[in-house]
Amino acid sequence: MAAYLDQVFKALADASRRRLLDSLNANNGQTLSELCGELDMARQSVSKHLDVLEAANLVTTVRRGREKLHYLNAAPIGELAERWIGNYDRPRVQALARLKHGLEERRMEKPSFVYTTYIRTTPEELWQALTDPEFTEQYWGLRLESDWNVGSPVAWVRNGAAVEDSAQVVLEADRPHRLAYTWHTFTAGWAESWGISEEFRAKVAAEPRSQVAFVIEATDDLVKLTVVHDGFEPGSVVLESVSGGWPKVISGLKTMLETGAAVGAA
């Protein structure tokens, strides 16, 4: 953990790298060329700074065709706040706290949610935690039930009641590397199960169906998990909702795998 924190602090110590974070905070999902143009920095310099930020997990990347898009990742800032900053005078770290708040509350220009974290586990164990209903219930508060074959339905079961949606199906299942499925539509049963108002349900149900993907990569004794939830329209209410919900779910998943403690999201 100490070595990891060193990387984060080293990345944040450089003014040019903070400018890159500010740029992504204002306009997330930029290409290298876009970042170079906005900051008036040489391509090679920007590339080197991005390598440092990516190594510190402050920036994560997603390929879309030939483009490589760069996204802010709030996870390391949250870990600093929870595990380290609390031991010191808060006035000395107000700037970092503001950055954390900005990362968590930002509105993305590109209609996608991207989140990366590192978990002390194995790819197989992480895959099981994402697909076994006994595990998903412990950190998510619901059971995800499927045979996880491409094209098979994915059912949400909460408090014994299933949310029926034949169009929520598995898109990719490359165990233990990549899992993707379409997101559920917002039925009356879903709203009743979670205590959601009909007004809000109707608003999110009017949006196009999105999809989520989990990319699992082994890195030394840790596993890198990247969650990409996309398919949204600009101004999406669903995007705003999942941007707040996914960090909580993934935090519970990480805690469960690293400590064995159940963290129900219900």
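What you are looking at is a predicted structure, and each value in this text was computed from that prediction instead of being measured.

Draft legend 1. Spotlight on the sheet that holds strand 4 (residues 143-145). The three strands lie next to each other as 4-5-6, forming an open sheet whose pairing is antiparallel. Each edge of the open sheet carries a strand with a single partner, namely strand 4 and strand 6 (161-163). In this sheet, adjacent strand axes meet at a mean angle of 30° when their direction is disregarded. Judged from the three bridges that link them, strand 5 (residues 155-158) and strand 6 form a sheet pairing that is antiparallel.

Draft legend 2. Molecular detail of the environment of A11. Within the secondary structure layout, A11 lies in helix 1 (residues 2-13). A residue is classified by how much of its surface remains accessible, and A11, at 0% relative accessible area, is buried. Linking A11 and L50, residues 39 residues apart in sequence, is a C-alpha distance of 9.4 Å.

Draft legend 3. The layout of surface pockets, seen in detail. Looking at the second largest pocket, its volume works out to about 500 Å³. The wall of the second largest pocket is formed by 20 residues, among which W140, W156, W194, S241 and G245 lie closest to the centre. Looking at the lining of the second largest pocket, the elements that each hand over two or more residues are helix 9 (188-194), helix 10 (198-205) and helix 11 (237-259). When residues in the lining of the second largest pocket are grouped by element, the largest group, eight residues, is from helix 11. Among the residues forming the lining of the second largest pocket, the class breakdown is 15 nonpolar, four polar and one charged.

Draft legend 4. Examining the packing of helix 3 (residues 32-39) against helix 4 (residues 43-55) more closely. Two elements in contact, helix 3 and helix 4, have axes separated by 10 Å at closest approach and are oriented at 115°. Comparing their axes, helix 4 and helix 3 come out roughly perpendicular. When the axes of helix 3 and helix 4 are compared, the crossing they make is right-handed. Of helix 4, the residues touching helix 3 (which contributes L32, S33, L35 and C36) are R43, V46, S47 and L50. Here the contact of helix 3 with helix 4 is composed, by residue class, of five nonpolar, two polar and one charged.

Draft legend 5. How the structure looks around the environment of P133. Among the structural elements, P133 can be located in helix 8 (residues 133-140). Under the relative-accessibility criterion, P133 is labelled buried at 18%. Separated by 13 residues in sequence, P133 and S146 have C-alpha atoms that sit 8.7 Å apart. When residues no more than four places from it in sequence are discounted, the contact partners of P133 are R143, L144 and E145.

Draft legend 6. A look at the pairing of strand 3 (residues 112-119). Extensive coverage of strand 3 is indicated by the burial of eight of its eight residues. Of the strand pairs in this sheet, strand 3 and strand 10 (residues 222-230) are connected by eight bridges, and their pairing is antiparallel. Residue T116 lies in a different strand from strand 10, and its bridge partner there is T226.

Draft legend 7. Examining the packing of aromatic side chains more closely. Using the criterion set out here, one finds ten aromatic pairs in the structure. Judged by centre distance (4.8 Å) and plane angle (70°), the rings of F186 and W190 are edge-to-face. By relative accessible area, which is 10% here, F186 ends up buried. Of the aromatic side chains, those joined through ring pairs into one cluster are Y139, W140, W148, W156, Y181, W183, F214 and W246.

Draft legend 8. Representation of the packing of helix 8 against helix 11 in the model. Two elements in contact, helix 8 and helix 11, have axes separated by 8 Å at closest approach and are oriented at 120°. In this structure, the crossing between helix 8 and helix 11 has a hand that is right-handed. Residues F135, Q138, Y139 and W140 of helix 8 form the contact with helix 11, whose own contacting residues are W246, V249, G252, L253 and M256. Here the residues of the contact of helix 8 with helix 11 are counted per class, giving seven nonpolar, two polar and no charged.

Draft legend 9. Expanded view of the sheet that holds strand 10. The strand order 3-10-9-8-7 describes an open sheet built from five strands, whose pairing is antiparallel. Both outer strands of the open sheet, strand 3 and strand 7 (170-174), are each paired with one neighbouring strand and no more. If you compare each strand with its neighbour and ignore which way they point, the axes differ by 10° on average. In the sheet, strand 7 pairs with strand 8 (residues 178-182) via four bridges, with the strands oriented antiparallel. From the neighbouring strand, D174 faces strand 8, where its bridge partner is R178. The sheet strands contacting helix 11 are strand 3, strand 9 (211-219) and strand 10, and the helix crosses strand 3 at an angle near 10°.

Criteria and thresholds
Residues numbered from 1 in each chain as written. Predicted model: local features only at pLDDT ≥ 70, side-chain atom pairs only at ≥ 80, totals over all residues. Heavy atoms only, no water. Pairing = 2+ DSSP bridges. Helix = DSSP H or I, 4+ residues; strand = E, 2+ residues; numbered from the N terminus. Axes fitted to C-alpha atoms, helices over the stretch in contact; angles between N-to-C directions. Buried < 20%, exposed > 50% of the residue type's maximum accessible area, 1.4 Å probe, protein only. 1 Å grid on protein atoms, 1.4 Å probe; cavity = no way out; pocket = protein on both sides within 12 Å on 5 of 7 lines; lining within 4 Å. Points joined across faces, edges and corners; volume = space filled by probe spheres on them. Nonpolar A, V, L, I, M, F, W, Y, C, P; charged D, E, K, R; others polar. Parallel < 35°, antiparallel > 145°, perpendicular 65-115°, else oblique. Left-handed = near helix turned anticlockwise from the far one by under 90°. Contact = heavy atoms within 4.5 Å. Phe/Tyr/Trp six-rings, centres within 6.5 Å; stacked < 30°, edge-to-face > 60°.

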